[in-house]
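Listed below are the residues making up each chain.
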Amino acid sequence: MDEATDTDAPLAAWADDVLAHLDARTRLDEELLVALGREPNLREETLTRMAEAVRAAALGIDAAGCAAAAGIPERLLLNWQALEPSFAEAMSAASALSGWNGHGEEKPVPLTPLELRTLLTVIRSGAAVGAAAARVGVSRRRLDEARRRRPEVNALILAARRTRAPKSARRSGVSYGHGYRLLQVDGDPFHG
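Residues numbered from 1 in each chain as written. Predicted model: local features only at pLDDT ≥ 70, side-chain atom pairs only at ≥ 80, totals over all residues. Heavy atoms only, no water.

(A) Structural context of the overall build of the chain. In terms of regular secondary structure, the chain is built from 10 helices and 0 strands. By the burial criterion, 36% of the 192 residues in the chain qualify as buried. Residue pairs in contact within the chain that sit at least 24 positions apart in sequence constitute 72% of those at least 6 positions apart. (Helix = DSSP H or I, 4+ residues; strand = E, 2+ residues; numbered from the N terminus. Buried < 20%, exposed > 50% of the residue type's maximum accessible area, 1.4 Å probe, protein only. Contact = heavy atoms within 4.5 Å.)

Dropping the structure here:
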C-alpha cells in the first residue's frame, strides 16, 4: 500500500493520542516501581518479557513477532527457550492454544491489538513499515488489508512514522527502541 499523506486532522490527532497512551503505559510501570521504592531487577524484567512473549504466542504470533512484542531480539527468545524448559513448554502450549481461537484457519485473520501495538513500536524505533510487519510476523497483504479497511489503522501507522526515532538514533545500533536500562541483578534471572 502506498504511504498516503495524513490529511484528516481529527484522525491524525486521535492517532497521536493513542501513541501517547502507549508511551504512558511504559512510564506507568516505571512510576509504580518508584512508588514501591524499588529499582528494576533482571529477574522481574525477564519474567515480564517472557510473559509478553507467551501472550503473543497465544494470539497466534510467530517467534519473530513474539520477540518483538516482548521487546527483545529473537535470538534472546530462542536462548531463553533453550535454557528454561518451562518457558519453552509455555511457549509451545500458548502456540497450540492459538489454534483454538481461530488462528489455525486458512483465511487471513484481522490484526490483533497486540500485533498492532508491536508493529507501531517497531515502526517508531525506526523500521520501515514493510520491515516492521515482517519482524512482527504480519504479512504485508494482511497489513495492507487492515490499512484499507480501517482508516484508523492507517492513521496510527502514519503517526508512528511521524514520531519514529531520528536517523542518527537508528544508526546507533539500538534496533529495539529500548536502549540500555540499569537493572539490579539478583542471581539467576530464571529462578531468582
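Additional details are given in the paragraphs that follow.
(B) Broad picture of the pattern of salt bridges. Considering all chains together, one arrives at 11 salt bridges under this definition. For the salt bridge of R55 with E52, the shortest nitrogen-to-oxygen distance reads 3.7 Å. Here R55 pairs with E52, and both are found in helix α2 (residues 42-58), just 3 residues apart, close to one helical turn. You can call R55 partly exposed: its relative accessible area is 38%. Here D144 makes a salt bridge to R140, at a shortest N to O gap of 3.3 Å. Of this pair, D144 and R140 both sit in helix α8 (residues 140-149), 4 residues apart, which is roughly one turn of the helix. On the accessibility criterion, R140 (33% relative accessible area) is partly exposed. If you follow the salt bridges from partner to partner, you end up with E52, R55 and R117 in one network. (Salt bridge = Lys/Arg side-chain N within 4 Å of Asp/Glu carboxyl O.)

(C) A look at helix α9 (residues 151-162). Over its 12 residues, α9 extends 16 Å from the first C-alpha to the last, a length consistent with the 16 Å expected when each residue adds 1.5 Å. Residues of α9 that are buried include every one of V153, N154, A155, L156, I157, L158, A159 and A160, and no others. (Expected span 1.5 Å × (residues − 1).)

(D) Looking closely at the packing of helix α1 (residues 9-35) against α9. Where α1 contacts α9, the two axes come as close as 8 Å, and the packing angle between them is 65°. In terms of orientation, α1 and α9 fall into the roughly perpendicular class. The handedness of the crossing between α1 and α9 comes out as right-handed. Listed contacts from α9 to L11, A12, W14, A15, D16, V18 and L19 of α1 are P151, E152, A155, L156, A159, A160 and R162. Along the lines of polarity and charge, the residues of the contact of α1 with α9 split into 11 nonpolar, no polar and 3 charged. (Axes fitted to C-alpha atoms, helices over the stretch in contact; angles between N-to-C directions. Parallel < 35°, antiparallel > 145°, perpendicular 65-115°, else oblique. Left-handed = near helix turned anticlockwise from the far one by under 90°. Nonpolar A, V, L, I, M, F, W, Y, C, P; charged D, E, K, R; others polar.)

(E) Inspection of the nonpolar core at higher detail. Counting residues in hydrophobic clusters, the biggest one holds 24 residues, and the most contacted among them are L119, L120, I123, L143 and I157. Those elements that provide at least two residues to this core are α1, α6 (113-124), α7 (129-136), α8 and α9. One finds A53, A67, F87 and M91 within the second-largest nonpolar core, a separate group that totals 17 residues. (Core = buried A, V, L, I, M, F, W, Y, C linked by side-chain atoms within 4.5 Å.)

Fair warning: the whole summary comes from geometry, so function is off the table for now.
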